[in-house]
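Observations on the model geometry
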Amino acid sequence: MPEPGPDRSREHHGEHPQEPAHEDAEPRPAGHVPHQDRGQDPGPSQDPGPSQDPGPSQDPDRGQDPGPGPDSGRQRGPGGPPPQQYQQWSVQQWQAPPSEPPAWVRAVRSADPGPVRTAVLWSALATGLLSALLLGDGLGVGLLVAALPAAVAAGFAAVAARRRPRPWTLLWAAVGLALLVVPALRDAGWPTFLAVTAALGAGSLALHGGRTWAGVLLGPVGLLASVVPGGRWAWAGLRERGRSSKDRWWPAVRAVLVAAGLLGVFGALFAGADAAFADLLGSLAPDTGAGDVPLRLFLLALGALGALAAARAAAAPLRFDRAAAKPGKARGRLEWALPLVLLDVLFAAFNAVQLAVLFGGYDKVLASTGLTYAQYARQGFWQLLWATVLTLVVIALAARWAPRGGRGDRLLVRGTLGLLCLLALVVVASALRRMDLYVEAYGLTRLRVSVMGAELWLGLVLVLVTAAGVWGARWLPRAVVASAAAGVLAFGLASPDDLVARQNIARHAGEPGRLDLAYLQNLSADAVPALDSLPEPQRSCALEEIARELPDARTPWYAISLAEHTALGILRERPLEGGDPCWRAGLPRAVMR
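Now for a description of the structure that goes with this document.

Scoring rules and cut-offs
- Residues numbered from 1 in each chain as written.
- Predicted model: local features only at pLDDT ≥ 70, side-chain atom pairs only at ≥ 80, totals over all residues.
- Heavy atoms only, no water.
- Helix = DSSP H or I, 4+ residues; strand = E, 2+ residues; numbered from the N terminus.
- Buried < 20%, exposed > 50% of the residue type's maximum accessible area, 1.4 Å probe, protein only.
- Areas by Shrake-Rupley, 256 points an atom, 1.4 Å probe, with all protein chains shown as cover.
- Contact = heavy atoms within 4.5 Å.
- Polar contact = N/O pair within 3.5 Å; in protein donor to acceptor, adjacent residues only side chain to side chain.
- Salt bridge = Lys/Arg side-chain N within 4 Å of Asp/Glu carboxyl O.
- Phe/Tyr/Trp six-rings, centres within 6.5 Å; stacked < 30°, edge-to-face > 60°.
- Axes fitted to C-alpha atoms, helices over the stretch in contact; angles between N-to-C directions.
- Parallel < 35°, antiparallel > 145°, perpendicular 65-115°, else oblique.
- Left-handed = near helix turned anticlockwise from the far one by under 90°.
- Nonpolar A, V, L, I, M, F, W, Y, C, P; charged D, E, K, R; others polar.
- Patch = residues over 30% accessible without salt bridge, like charges linked within 9 Å, V, L, I, M, F, W, Y side chains within 5 Å.
- Lys, Arg positive; Asp, Glu negative; His and termini not counted.
- Charge placed at Lys NZ, Arg CZ, Asp CG, Glu CD.
- Disulfide = S-S within 2.5 Å.
- Expected span 1.5 Å × (residues − 1).

Check the secondary structure of the protein chain and you find 26 helices and zero strands. Burial statistics for the protein chain: of 593 residues in total, 37% are counted as buried. Only carbon and sulfur atoms are counted for the fraction: they give 63% of the accessible area of the protein chain, which is about 34900 Å².

Take D526: it is sitting in the loop between helix 22 (517-520) and helix 23 (528-531). Placed 28 residues apart in sequence, D526 and D498 show a C-alpha to C-alpha distance of 5.6 Å. Contacts of D526, omitting those with residues within four sequence positions, involve L185, R186, D187, A188, S495, D497, D498 and A563. A distance of 2.9 Å separates a polar side-chain atom of D526 from the backbone nitrogen of D187. In this structure the side chain of D526 is engaged in a polar contact, spanning 3.1 Å, whose partner is the backbone nitrogen of A188.

Attention shifts here to the pattern of salt bridges. According to the stated counting rule, one finds ten salt bridges in the structure shown. A salt bridge links R548 to E544; the shortest N-O distance between them is 3.6 Å. Here E544 and R548 lie together in helix 24 (residues 538-549), a separation of four residues that amounts to about one turn. Judged by relative accessible area, R548 falls into the exposed class, the value being 54%.

In this section: unusual backbone geometry. Residue P537 is bonded to the preceding E536 through a cis peptide linkage, with omega at 5 degrees. Turning to its location among the elements, P537 is positioned in the loop between helix 23 and helix 24. Here R162, not a glycine, exhibits a phi torsion of approximately 60 degrees, which is positive. Checked against the element boundaries, R162 lands in the loop between helix 6 (142-160) and helix 7 (167-179). Assessed through its relative accessible area of 78%, R162 is described here as exposed.

Further remarks concern the packing of aromatic side chains. Across all of its chains, the model carries five aromatic pairs by this definition. Taking the centre distance of 5.4 Å and the plane angle of 35 degrees together, the rings of W168 and W172 count as tilted. You can see W168 and its partner W172 sitting in helix 7, four residues apart, about one turn around the helix. Taking the relative accessible area as the measure of exposure, W168 reaches 28% and is therefore partly exposed. Note on W172: relative accessible area 3%, which makes it buried. Plain terms: the ring middles of W190 and F491 are 5.3 Å apart, the flat faces sit at 75 degrees to each other, and that makes the pair edge-to-face. Taken together, the residues span a long stretch of sequence, with W190 in helix 9 (residues 189-208) and F491 in helix 20 (residues 476-493) at a distance of 301 residues.

The N-to-C vectors of helix 9 and helix 20 enclose an angle of 150 degrees; their axes lie 9 Å apart at closest approach. Here helix 9 lies roughly antiparallel to helix 20, going by the angle between them. Like other packed secondary-structure pairs, helix 9 and helix 20 cross with a definite hand, here left-handed. Where helix 9 approaches helix 20, its residues W190, P191, L194, A195, A198 and L205 are matched on the opposing element by V481, V488, F491 and G492. Here the contact of helix 9 with helix 20 is composed, by residue class, of nine nonpolar, one polar and no charged.

Right, let's talk about the side chain of Q521 for a bit. Mapped onto the secondary structure, Q521 falls in the loop between helix 22 and helix 23. Accessibility expressed as a relative area gives 5% for Q521, which makes it buried. A distance of 2.9 Å separates a polar atom in the side chain of Q521 from the backbone oxygen of C541.

Let's shift gears to a positive patch on the surface. Positive charge collects at one region of the surface, where R164, R166, R211 and R474 lie side by side. Inspection of the secondary structure puts R211 in the loop between helix 9 and helix 10 (213-218). Residue R211 is classed as partly exposed on the basis of its relative accessible area, which comes to 45%.

Turning to the state of the cysteines, a few remarks are in order. For the coordinates displayed, the defined rule picks out one disulfide. Disulfide pairing is shown between C541 and C582; the S-S distance is 2.1 Å. Between C541 and C582 the disulfide shows an S-S torsion of about 100 degrees. By sign, it is right-handed. Here the residue C541 occupies a position in helix 24, and C582 occupies one in helix 26 (residues 581-584), the gap between them amounting to 41 residues. Each of the two residues, C541 as well as C582, counts as buried.

With that settled, the discussion passes to helix 9. Its 20 residues place the ends of helix 9 29 Å apart at the C-alpha level, agreeing with the 28 Å of an ideal helix rising 1.5 Å per residue. Among the residues of helix 9, P191, T192, A195, A198, A199, G201, A202, S204, L205, A206, L207 and H208 are the ones counted as buried. Positive backbone phi, at 75 degrees, marks G209, one or two positions downstream of helix 9.

The N-to-C vectors of helix 6 and helix 14 (residues 293-315) enclose an angle of 25 degrees; their axes lie 8 Å apart at closest approach. One way to sum up the angle between helix 6 and helix 14 is to call them roughly parallel. The handedness of the crossing between helix 6 and helix 14 is right-handed. Of helix 14, the residues touching helix 6 (which contributes A150, A153, A154, A157 and A158) are A307, A310, A311, A314 and A315.

On their own, these measurements won't tell you what the molecule is for.
See below:
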């Protein structure tokens, strides 16, 4: 027999001892006295004691299941659903812990911005309204006009966040706005697409910044990550203002609504009374119909969200420079230098052959290889273009795993990679020469002028890499991206369609019948000044399809590019010939539209 336990009620002056706390235990009803044999310690098998729950079969005063206690293996009684504590415990037991974002995501995030400023909200609204009003009819100068309030919104947000403009920030912003001039000047869709895409990238870089390769490669797409946070940021600001300053903004809203109603009523009356005034209003206001409403609403939302994303990025930019990759493991001199030295030897041998061909003439090469003139030029260009791209990849990987033991290693790296860059420049010159031969024989096209521009830019990158090996590479990432943006801007301003038309006309000077009129018909309004110099009927045949795509008199001024305006003036002064000019020009009917 175990010794009798102490009389705990006497130790506590007749009070019942406090039960040990349990997070899932149900509180006992008032007046309940647990059963206890004072003469002995009942033990766990005889009496649960004051710290244990005897269960519904041992305590008749309880009318429901007490929930899970220490003895959680008991079945619930027939008293209905488990208590709320048990449900919460079950959810906590099976709920997965919240997953954290990757370390690099946490590293690039900035602190949450402060409350959105009222000027930012008004600028975003202006951007949305201008986008809905101006961009529904076309790009033209309207895109640049709609982008200006977005830049103002970003400026207000940056000032509120106490961000000071730096030289590279101002440069990226200026380049972005300059690229938006291309749609106002050119009609061709492909230079316009490149310019608008590059403008978004340059604007994103101006907001997020970037000095390393990670910064300049991820920075151009960082604006997309601010679209949803920017909308939430603006919504939180609107809700706060709605609760605190209703007496201030509601009179302004009423005034705007009254003014809009007055202008609409009296403007409609004056337009109906005078045709000249109606034409003036029609030229200033966009021609919108019921079918344009979904498009206008989409452009309104797109413009406003874009401006809010720019402002949010200006207030709390993503620091992609913090996600820069660590340097690769340094290799030994032999392991690193042997493949590159052999590659330098291969490049030198190829360049020696190219010099021999240049001085020995192409006739001997064509006779020995069995290739035609076109096959030799075209096949060689594409291979050399890929060789240039792969050379840059090899240089990047070699710099990552280069030996870094001391001065001797630095000299080895600079000498080996510098020689490879110089030999690659000769490859670029050979590729451009081959494309020049191909264009001389078969004419210039959009694809050919594009790949020639890409090859020229790759050659410029090689020059920058070579200079970085001499003066250091801290400036190299931003210089490479800036050269790409400048190349896109120069490409758009040069008017590629006009270059294509002028080169093909010059090739067949005095023989207009040999022109590929079917291809020239596919050019844009940028080529109209060059095609206007053709004799008839080739002129009317080449301009016939382009004239059908030009905007009509109902198109507002802000949706027309300068090239389209010029083309309309030329065709107004010298109308096209009637009848079937392409048939008179000898164009086969199989290729006529």
